[in-house]
2 protein chains.
Amino acid sequence: MTDTSAHPFDLALQISGGPDSWQGQTSPAYANMVGPFGGITAAALLNPLLLHPERLGDPITLTVNFASAVKPGPFEITTQLMRTNRSTQHWVVTLAQADGIAATATAVFAVRRESWGATDLAFPGPPADAKRFAGDFLPAWTKNYAFHMAGGMEDLFSKDNPTSTTLQTIRDNPPRPLDYLSLAAISDVFFPRIFMRIGQFVPAGTVAFTVYFHADAAALAANGDAAVIGHARANRFHNRYFDQSAEIWTASGNLLATSTQIVYYKA
Amino acid sequence: MTDTSAHPFDLALQISGGPDSWQGQTSPAYANMVGPFGGITAAALLNPLLLHPERLGDPITLTVNFASAVKPGPFEITTQLMRTNRSTQHWVVTLAQADGIAATATAVFAVRRESWGATDLAFPGPPADAKRFAGDFLPAWTKNYAFHMAGGMEDLFSKDNPTSTTLQTIRDNPPRPLDYLSLAAISDVFFPRIFMRIGQFVPAGTVAFTVYFHADAAALAANGDAAVIGHARANRFHNRYFDQSAEIWTASGNLLATSTQIVYYKA
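Residues numbered from 1 in each chain as written. Chains lettered and ligands numbered in written order. Predicted model: local features only at pLDDT ≥ 70, side-chain atom pairs only at ≥ 80, totals over all residues. Heavy atoms only, no water.

(A) Summary view of the overall build of chain A. Regarding its fold elements, chain A presents six helices and 14 strands. What you see for chain A is a C-alpha radius of gyration of 18 Å, in line with the 18 Å of a compact globule of 267 residues. By its C-alpha atoms, chain A is 50 × 50 × 40 Å across when sized along the principal axes. A separation threshold of at least 6 residues defines the contact pool for chain A, and within that pool the share at least 24 residues apart is 67%. Put simply, chain A shows about 10,000 Å² of open surface, and 55% of that area lies on carbon and sulfur atoms. Of the side chains in chain A, 18 bear a positive and 21 a negative charge, and the two mean positions are spaced by 7 Å. (Helix = DSSP H or I, 4+ residues; strand = E, 2+ residues; numbered from the N terminus. Rg over C-alpha atoms; globule rule 2.2 N^0.38 Å. Contact = heavy atoms within 4.5 Å. Areas by Shrake-Rupley, 256 points an atom, 1.4 Å probe, with all protein chains shown as cover. Lys, Arg positive; Asp, Glu negative; His and termini not counted. Charge placed at Lys NZ, Arg CZ, Asp CG, Glu CD.)

(B) Layout of the relation of the copies chain A and chain B. Overlaying chain A with chain B gives an RMSD of 0.0 Å, the required rotation being 180° about an axis along which the chain moves by 0.0 Å. The relationship between the two copies is best expressed as a two-fold rotation axis. When you check the interface residues of chain A against chain B, 100% turn up at the interface there too, and the contact is symmetric in its surfaces. (Least-squares fit on C-alpha atoms with pLDDT ≥ 70 in both.)

(C) Quick look at the packing of aromatic side chains. Inspection of the entire model under this criterion finds 36 aromatic pairs over all chains. When the centroid spacing of 5.7 Å and the interplanar angle of 65° are considered together, the rings of Y241 of chain B and Y264 of chain B count as edge-to-face. A residue pair is termed long-range when its members are at least 10 positions apart, and Y241 of chain B in strand β13 (residues 241-249) and Y264 of chain B in strand β14 (residues 255-265) qualify at 23 residues. In textbook terms, an aromatic cluster arises when at least three aromatic residues are bridged by ring pairs, as seen for F37, F133, W141, Y145, F147 and F191 of chain A. (Phe/Tyr/Trp six-rings, centres within 6.5 Å; stacked < 30°, edge-to-face > 60°.)

(D) Quick look at the side chain of T169 of chain B. All names here are of chain B. Position of T169 among the secondary structure elements: in strand β10 (residues 166-172). A residue is classified by how much of its surface remains accessible, and T169, at 18% relative accessible area, is buried. For T169, the contacting residues outside a window of four places in its chain are P127, A146, F147, H148, A227, V228 and I229. (Buried < 20%, exposed > 50% of the residue type's maximum accessible area, 1.4 Å probe, protein only.)

(E) Seen up close, the interface of chain A and chain B. Tallying the contact residues gives 61 residues for chain A and 61 residues for chain B. Carbon and sulfur atoms make up 52% of the area that chain A and chain B hide from each other, which totals about 5,500 Å². At the boundary of chain A with chain B, the tally comes to four salt bridges. As a salt-bridge pair, D120 of chain B and R197 of chain A come within 2.8 Å of each other at their nearest N and O atoms. Where chain A touches chain B, the interface holds 55 residue pairs in polar contact (both at pLDDT 80 or more). For the side of chain A that touches chain B, the leading source of residues is strand β6 (residues 100-110) of chain A, giving eight residues. For the side of chain A that touches chain B, a count of residues per class yields 25 nonpolar, 24 polar and 12 charged. Pairing of strand β12 (residues 228-238) of chain A with strand β7 (residues 118-119) of chain B, which is carried by two bridges, proceeds in the antiparallel orientation. Paired with R236 of chain A across the two strands is T119 of chain B, which belongs to β7 of chain B. (Buried area = accessible area lost by both parts, 1.4 Å probe. Salt bridge = Lys/Arg side-chain N within 4 Å of Asp/Glu carboxyl O. Polar contact = N/O pair within 3.5 Å; in protein donor to acceptor, adjacent residues only side chain to side chain. Nonpolar A, V, L, I, M, F, W, Y, C, P; charged D, E, K, R; others polar. Pairing = 2+ DSSP bridges.)

Everything listed here is a matter of geometry and, on its own, says nothing about what the molecule does.
In structure tokens:
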């Protein structure tokens with residue numbers, strides 16, 4: 001049965017099977033330049049863990065290694081529970097296609113309890129003078145998000161940009177209540193920093209991606225389908241690999257997730 | 001045959017077997033408060049990949065999930081090559097003991113080629129007024145490192161520290177030429193930020209750790225056994241989990257590695 005009212009994000013994540021072996025297929029709506037948007041693959045790898053009958057608590061971290069471009073068509077996701085402790089749980093997940101493993105992931109889930117807390121990272125605030133960032137030259141997946149970015153597109157792709165930092169708002173398009181799946185995907189929406197740093201599109205692709213979830217169920221519910229704020233920057237570009245880090249905040253300054261990734265580039 | 005002149009770090013990493021199944025044992029010299037120092041476990045998981053006959057290129061990233069405290073005694077490390085592409089390779093590694101899986105890791109190796117490059121992150125410089133940071137109250141593993149830290153110990157553990165940031169020099173003790181194994185371990189030497197942030201030792205342990213290697217063989221050789229500079233800070237402490245990020249630089253400002261980790265704490 002097809003629910004035609006479902007969000008493209010949920011349609012893209014539809015899987016059957018379980019609990020440790022699932023079948024799904026790529027969604028043209030989330031196509032990137034080569035293979036799908038990495039964020040939808042990250043969500044696809046997290047999804048069977050959230051659905052798993054032995055799941056304990058909520059996701060604390062997810063690391064995805066992109067072993068190969070996912071080809072258009074069917075894939076199989078296999079989950080393996082490596083260890084369950086009193087309040088934490090460790091998983092290994094693989095996504096395979098006919099030609100082999102396309103992605104692996106590890107995840108930690110935990111039951112969180114109240115404790116002393118503080119946010120040391122400074123809230124960057126909402127982007128000033130933010131303009132809608134969109135365009136037909138961008139890959140299909142970007143149409144499922146609304147981005148508003150400080151400075152806008154012209155600034156972003158100016159040659160010899162002294163910085164690779166961007167500050168933007170992000171929400172699913174159409175709006176969709178934030179959950180762990182969309183938060184994982186949103187943590188990967190930041191274009192490879194090499195594009196803005198050298199002012200042109202060059203071959204680039206994420207090799208590995210890690211997200212730490214600070215959001216608990218209450219924080220997700222409080223955000224609802226409101227836009228979140230994303231702040232991203234590169235650290236070092238060196239001999240075909242660079243790393244970039246990013247944070248996702250609510251509009252009111254609640255740090256929902258931090259993420260890092262290492263990206264292949266040719267320049 | 002025991003080489004009594006070998007460095008404690010190399011002695012701790014001695015394994016037998018291969019190429020996909022290795023036996024090793026914990027080293028009392030790298031004991032932490034509970035189980036071994038996480039950095040030695042990270043190096044132990046990377047080691048069989050560096051030794052593997054099918055290894056392609058150098059490590060680009062390593063993620064370690066600490067599923068359980070490693071118990072004193074023997075362990076078995078199993079490596080699994082998930083995919084080899086033209087210039088990249090993806091691995092899954094597990095460390096098991098009699099009671100089950102104690103750690104899992106994923107790693108990406110790659111053949112690096114020359115390219116355009118830049119370091120966007122600002123070099124923090126060497127720590128000013130650095131004092132040796134050591135003490136009998138610290139766990140055994142710290143004796144295998146020499147740390148010199150800005151501000152010293154009194155500043156570090158003052159109550160209600162407004163910052164969890166530290167800047168320090170780090171080298172193996174006795175000195176040992178830097179390689180991927182020691183760089184992985186050094187990326188994990190930063191005490192859980194909760195200690196300095198609230199000014200006391202509380203139960204805390206790394207749950208997952210990721211390192212991105214920017215150093216290639218030439219950079220490692222250029223550093224030799226000189227001390228490196230480590231810069232670390234927390235992002236957010238929330239309901240028993242916090243994340244911290246850190247960078248390892250040479251004294252001359254070459255960014256060798258960036259790392260992040262998510263840490264359990266009770267406070």
